[in-house]
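A closer look at the structure
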Amino acid sequence: LGIDFGTSTCVMSVARKGTVEVVLNEQSSRITPSCISYASNQRIFGDDALAIQIRNNRSTVDQMKRFLGRKWADPEFQNELKSSIPHYLFEVGSTESGDVSISVPYNDETLVMSPDQVVGALFGRLKTIAEKFLDGQRVSDCVISVPSFWCETQRHALLSAANIAGFNVLRLMNETTAVALNYGLLRPLPKENPINVVFFDMGHSTTNVGVASFLEGKTSVLGTACNPNLGGRDFTNVLMQLLNTDIQKRYRLSPLENRKATLKLRRACEKVKKVLSANSETTYSIECLMEDTDVTGHVTREQF
């Protein structure tokens, strides 16, 4: 099993019958959100977890990839927690050893977990989805993609999470290497004079750039560069600031001061961002944002 473990979503694939097939989940989707909601004596995963995130925001964990192998005192991590727009609506704390911990209300008590345990639970669900897709065939061996800038501590934390799920990790492959292999594996390549290709990957919260050299039968990654704190969510946050200011002026509401309103505003901004990629202007409408008030507005690409 190949697993592309992302901050916001996961994708899996299997090699069989001479080709590579992307695994479909219960919703017949190729993408499974990296999200777990702890509610009603059960753990809810993926799209179902996102569906109840607004009303169960304190017990819904997402973006858990950002926590693996991190120390509480990490300056970059502390900057995320102090952001003017909250990235995480669940409780994040520190263990006695200085590692990051995640706390959620569950079964009338507070459940404190390590990021390894949360990711392990997600991987367990991915394993179940893959085995169902393969008509019950058992899955154990896997390859997981990781950012090239990850340190050994983060890689070991990911291996620990995979072990919790019962996976035997054959290899952790750098994401830029995986993309380069995908590009050159079945493509006719020159026998002499190698071609150099730049691969640009902006994800939910990180940006990776890699340069690879291709010859027939040989692929070499020449170099990589990355920004671990720049991604699609930062563009969403810019829109959230814009819409928040607009809503404060016209409706005298402050959605960023309310957890549920923050989530509703974020989802509206994600839609606006995608629409403005192909259109010069769009409108937004958020039903019952807060205090039983519906809000609407207009955004142009120039403003964005």
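The coordinates are above.
Let us look at the structure shown here. (Residues numbered from 1 in each chain as written. Predicted model: local features only at pLDDT ≥ 70, side-chain atom pairs only at ≥ 80, totals over all residues. Heavy atoms only, no water.)

Side note on the sheet that holds strand β8 (residues 91–94)
Spatially, β8-β9-β10 is the arrangement adopted by the three strands of the open sheet, whose pairing is antiparallel. Of all the strands in the sheet, just β8 and β10 (109–113) have a single pairing partner and so form its edges. On average, each strand axis in the sheet is inclined to that of its neighbour by 35°, with strand direction left out of account. Pairing geometry for strand β9 (residues 100–106) and β10, over five bridges, is antiparallel. Within β10, the position partnered with S103 by the bridge is V112. Packed onto the sheet, helix α3 (residues 115–133) meets β9 and β10 and runs at close to 95° relative to β10. (Pairing = 2+ DSSP bridges. Helix = DSSP H or I, 4+ residues; strand = E, 2+ residues; numbered from the N terminus. Axes fitted to C-alpha atoms, helices over the stretch in contact; angles between N-to-C directions. Contact = heavy atoms within 4.5 Å.)

Notes on unusual backbone geometry
Positive phi outside glycine occurs at S28, with the angle close to 60°. By secondary structure assignment, the location of S28 is in the loop between β3 (19–22) and β4 (32–33). Classification of S28 as exposed rests on a relative accessible area of 56%. (Buried < 20%, exposed > 50% of the residue type's maximum accessible area, 1.4 Å probe, protein only.)

Section: the nonpolar core
Among the nonpolar cores identified, the biggest contains 46 residues, and L1, I3, F5, F123, I144, L158 and F167 are the most heavily contacted of them. Contributing elements (two or more residues each) for this core: β1 (2–5), β2 (9–16), β5 (35–39), β9, α3, β11 (141–146), α4 (152–164) and β12 (168–174). By residue number, the principal contributor to this core is α3, which donates nine residues. Not counting residues up to four positions away in its chain, the partners in contact with L158 are F5, L68, V119, F123, I144, V146, W150 and L172. (Core = buried A, V, L, I, M, F, W, Y, C linked by side-chain atoms within 4.5 Å.)

Describing the packing of aromatic side chains
Within a pair of aromatic rings, the relevant descriptors are the distance that separates the centres and the angle that separates the planes. Within this structure, the stated rule accounts for 11 aromatic pairs. Measuring from centroid to centroid gives 5.6 Å for Y38 and Y106, while their planes differ by 75°, and the two rings are edge-to-face. With Y38 in strand β5 and Y106 in strand β9, this residue pair connects regions lying 68 residues apart in the sequence. For Y106, a relative accessible area of 16% puts it in the buried group. Taken together, a centroid distance of 5.8 Å and an interplanar angle of 55° make the contact between F67 and F90 tilted. One end of the pair, F67, is in the loop between β7 (60–62) and α2 (75–81); the other, F90, is in the loop between α2 and β8, with 23 residues separating them in the sequence. Through successive ring pairs, a cluster of aromatic residues spans F67, W72, F77, Y88 and F90. Just above the ring of F5 sits the side chain of K65; from NZ or CZ to the centre is 5.8 Å. Its guanidinium or amino end placed over the ring of W150, K65 lies 5.8 Å from that ring's centre, counting from NZ or CZ. (Phe/Tyr/Trp six-rings, centres within 6.5 Å; stacked < 30°, edge-to-face > 60°. Lys NZ or Arg CZ within 6 Å of the ring centre and 35° of its normal.)

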